[in-house]
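What follows is each chain in one-letter form.
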Protein chains: 2
Amino acid sequence: MRRKSFADMSCPIARTLDIVGEWWTLLIVRDALVGARRFDDFRKSGIADNILSARLELLVREGILERRAYQDRPPRHEYLLTDKGHDLLPVIVSLGMWGLKWTDGPVRTPRFLHIRCDTEVSTAFHCQTCGEAVQPREIRVERPTAPSAAVNRVGSGQAVAAP
Amino acid sequence: MRRKSFADMSCPIARTLDIVGEWWTLLIVRDALVGARRFDDFRKSGIADNILSARLELLVREGILERRAYQDRPPRHEYLLTDKGHDLLPVIVSLGMWGLKWTDGPVRTPRFLHIRCDTEVSTAFHCQTCGEAVQPREIRVERPTAPSAAVNRVGSGQAVAAP
DNA sequence: CGCACTGACTGGCATGATGCAAGTGACTGA
DNA sequence: TCAGTCACTTGCATCATGCCAGTCAGTGCG
């Protein structure tokens, strides 16, 4: 059954997931961030050949990876992250942080280092007004503004799932 | 074909994706963050009933949502984020930020406000040593340390995909 | 009272996604 | 020459998904 597309949804979160939300896709991005370039490099994650082939094609088509020839007899290509692809770094990092905190198992995760000083960087919310870091618990999520006001549901708040 | 599980992988990113990486799951988390509570609330995203039912059950089982009765004739339940679930906020936000920058379409995204001062917060990398925000471009990703050193591949760097 | 509607699911079925594993072609090295 | 490597491609079986009807309990209206 073809999955319902999120591409035409008005929410950018959904649109991102439409592009990178398939099984294995973000693991490929992770591996590309870590330095994987060739088909054989990416294969080491355990992904099936045909799925890897399809995902690489998708990531190239979406401009997240670019395909570059590294030899011509036979023609061989490697896959490099674009700027667009590199901008998925915060997604990867936040997934890793959640997994570190809430899943069990060995901790074998990429490290993210500030190039200038070689210190490991962390990601956090920041408030420009207060000038300080903010914990997720200190954040109130406000739903998207809708042209038609959401129908009040008595006693359960104004909950509307966004298409 | 049953998907290959990422649960036993040594990478926390993979383990997170094993839990929340199915189609629709993170959109449900998004909606829960925005205030959706009931089956009907979540359904508004366009998800099929049986998939929603299965995803809610998974999120409850994984401790991301808790199921709470809101009436008993007939028995009816609503679904609320746990702390574990709320900690997926950075994942949702980073997905939204990427989508804002790199996808086209209307911008109808949740807003994330600092409770104390009602300012919209943003997420960013931070370097403790330099005491400043760091752009993704200023970050070097280092692959996970491996007990067996990666085999050098001449001319292509030391690329190893992590299981 | 009967009927229509609502909400929260459950279930049947057809189609696409996935994984396994074999195959292909070009090349290299012993 | 043969075996191995690399980068895919392909065939097939099994699961994931979506559509939509159905069920049950309750409510409200004519």
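The rules behind the values
- Residues numbered from 1 in each chain as written.
- Chains lettered and ligands numbered in written order.
- Predicted model: local features only at pLDDT ≥ 70, side-chain atom pairs only at ≥ 80, totals over all residues.
- Heavy atoms only, no water.
- Axes fitted to C-alpha atoms, helices over the stretch in contact; angles between N-to-C directions.
- Helix = DSSP H or I, 4+ residues; strand = E, 2+ residues; numbered from the N terminus.
- Parallel < 35°, antiparallel > 145°, perpendicular 65-115°, else oblique.
- Contact = heavy atoms within 4.5 Å.
- Nonpolar A, V, L, I, M, F, W, Y, C, P; charged D, E, K, R; others polar.
- Buried area = accessible area lost by both parts, 1.4 Å probe.
- Salt bridge = Lys/Arg side-chain N within 4 Å of Asp/Glu carboxyl O.
- Polar contact = N/O pair within 3.5 Å; in protein donor to acceptor, adjacent residues only side chain to side chain.
- Phe/Tyr/Trp six-rings, centres within 6.5 Å; stacked < 30°, edge-to-face > 60°.
- Buried < 20%, exposed > 50% of the residue type's maximum accessible area, 1.4 Å probe, protein only.
- Pairing = 2+ DSSP bridges.
- Least-squares fit on C-alpha atoms with pLDDT ≥ 70 in both.
- Near = heavy atom within 4 Å.
- Lys, Arg positive; Asp, Glu negative; His and termini not counted.

Caption draft 1: The packing of helix α2 (residues 25-34) of chain B against helix α6 (residues 89-102) of chain B, seen in detail. Residue and element names in this part refer to chain B. Remark: α2 packs on α6, axes separated minimally by 10 Å, with the N-to-C direction vectors making an angle of 105 degrees. Taken together, α2 and α6 sit at an angle that is classed as roughly perpendicular. Residue-level inspection shows Leu26, Val29, Arg30 and Leu33 of α2 in contact with α6, the latter providing Leu89, Val91, Ile92 and Leu95. By residue class, the composition of the contact of α2 with α6 is seven nonpolar, no polar and one charged.

Caption draft 2: Quick peek at the interface of chain A and chain B. Opposite the 100 residues of chain A that make contact, chain B presents 101 residues. Buried surface at the junction of chain A and chain B, summed over both partners, amounts to about 10300 Å²; 61% is from carbon and sulfur atoms. When the area that chain A buries against chain B is broken down by residue, the three leading residues are A:Trp23, A:Trp98 and A:Arg108, summing to 10%. Between B:Arg116 and A:Glu132 there is a salt bridge, and its shortest N-O distance comes to 3.1 Å. Remark: the boundary between chain A and chain B carries 45 residue pairs in polar contact (both at pLDDT 80 or more). With 13 residues, the single largest contributor to the side of chain A that touches chain B is helix α6 (residues 89-102) of chain A.

Caption draft 3: Up close: the packing of aromatic side chains. Under the definition given, this model contains six aromatic pairs over all chains. Ring geometry for A:Phe6 versus B:Trp23: centroids 4.5 Å apart, planes at 15 degrees, classification stacked. Here B:Trp23 lies in the loop between α1 (12-20) and α2 and A:Phe6 lies in the segment before α1 (12-20), a pairing that spans two chains. For B:Trp23, a relative accessible area of 9% gives the class buried. Measuring from centroid to centroid gives 6.5 Å for A:Phe42 and A:Tyr79, while their planes differ by 75 degrees, and the two rings are edge-to-face. Pair noted here: A:Phe42 is in helix α3 (residues 39-43) and A:Tyr79 is in strand β2 (residues 75-81), with a separation of 37 residues, a long-range link.

Caption draft 4: Summary view of the sheet that holds strand β4 (residues 122-127) of chain A. The strand order across the open sheet formed by four strands is β5(A)-β4(A)-β4(B)-β5(B), and the pairing between neighbours is antiparallel. Of all the strands in the sheet, just β5 (132-134) of chain A together with β5 (132-134) of chain B have a single pairing partner and so form its edges. Sheet twist, expressed as the average angle between the axes of neighbouring strands with direction ignored, equals 65 degrees. Two strands pair when backbone bridges link them, and strand β4 (residues 122-127) of chain B and β5(B) are joined in this way by three bridges, in the antiparallel orientation. Considered in β5(B), the bridge of B:Cys127 is made with B:Glu132.

Caption draft 5: Representation of the relation of the copies chain A and chain B. Each copy superposes on the other: chain A lies on chain B with an RMSD of 0.1 Å after a rotation of 180 degrees and an axial shift of 0.0 Å. Viewed as a symmetry operation, the transformation between the two copies matches a two-fold axis. The residues that chain A uses at the interface reappear at the interface of chain B in 100% of cases, marking a shared surface.

Caption draft 6: Structural context of the protein's contact with DNA strand C. Within the structure, DNA strand C sits among 28 residues, and A:Met1, A:Arg55, B:Met1, B:Asp49 and B:Tyr70 are positioned closest to it. Here, DNA strand C places atoms within 4 Å of the protein, and 63% of those atoms are sugar or phosphate. A:Asn50 places a side-chain nitrogen or oxygen 3.1 Å from a base nitrogen of DNA strand C. Every element with two or more residues in the surface near DNA strand C is listed here: α4 (49-61) of chain A together with α3 (39-43), α4 (49-61), β1 (65-72) and β2 (75-81) of chain B. The greatest single-element share of the surface near DNA strand C, amounting to four residues, is contributed by α4(A). Of the residues that constitute the surface near DNA strand C, the class distribution is ten nonpolar, three polar and 15 charged.

Caption draft 7: Layout of the protein's contact with DNA strand D. As a structural note, the neighbourhood of DNA strand D is formed by 28 residues, with A:Met1, A:Tyr70, A:Arg76, B:Met1 and B:Arg55 the closest of them. When atoms of DNA strand D within 4 Å of the protein are sorted by moiety, sugar and phosphate together comprise 62%. One of the side-chain nitrogen or oxygen atoms of A:Lys4 is found 2.9 Å away from a phosphate oxygen of DNA strand D. Between DNA strand D and A:Tyr79, the relevant distance is 3.1 Å, taken from a phosphate oxygen to a side-chain nitrogen or oxygen of the residue. At the level of secondary structure, the elements contributing two or more residues to the surface near DNA strand D comprise α3, α4, β1 (65-72) and β2 of chain A together with α4 of chain B. Per element, the largest residue contribution to the surface near DNA strand D is four residues, and it comes from α4(B).

Caption draft 8: View of the side chain of A:Lys84. On the secondary structure map, A:Lys84 appears in helix α5 (residues 83-86). Although A:Lys84 is buried, it makes no salt bridge; A:Glu62 carries the closest opposite charge, 4.4 Å away. Polar contacts involving the side chain of A:Lys84 include one to the main-chain carbonyl oxygen of A:Glu62, which spans 2.8 Å. The contact partners of A:Lys84, leaving out residues within four places of it in the chain, are A:Glu62, A:Gly63, A:Ile64, B:Trp98 and B:Trp102.

Distances and angles like these do not, on their own, reveal function.
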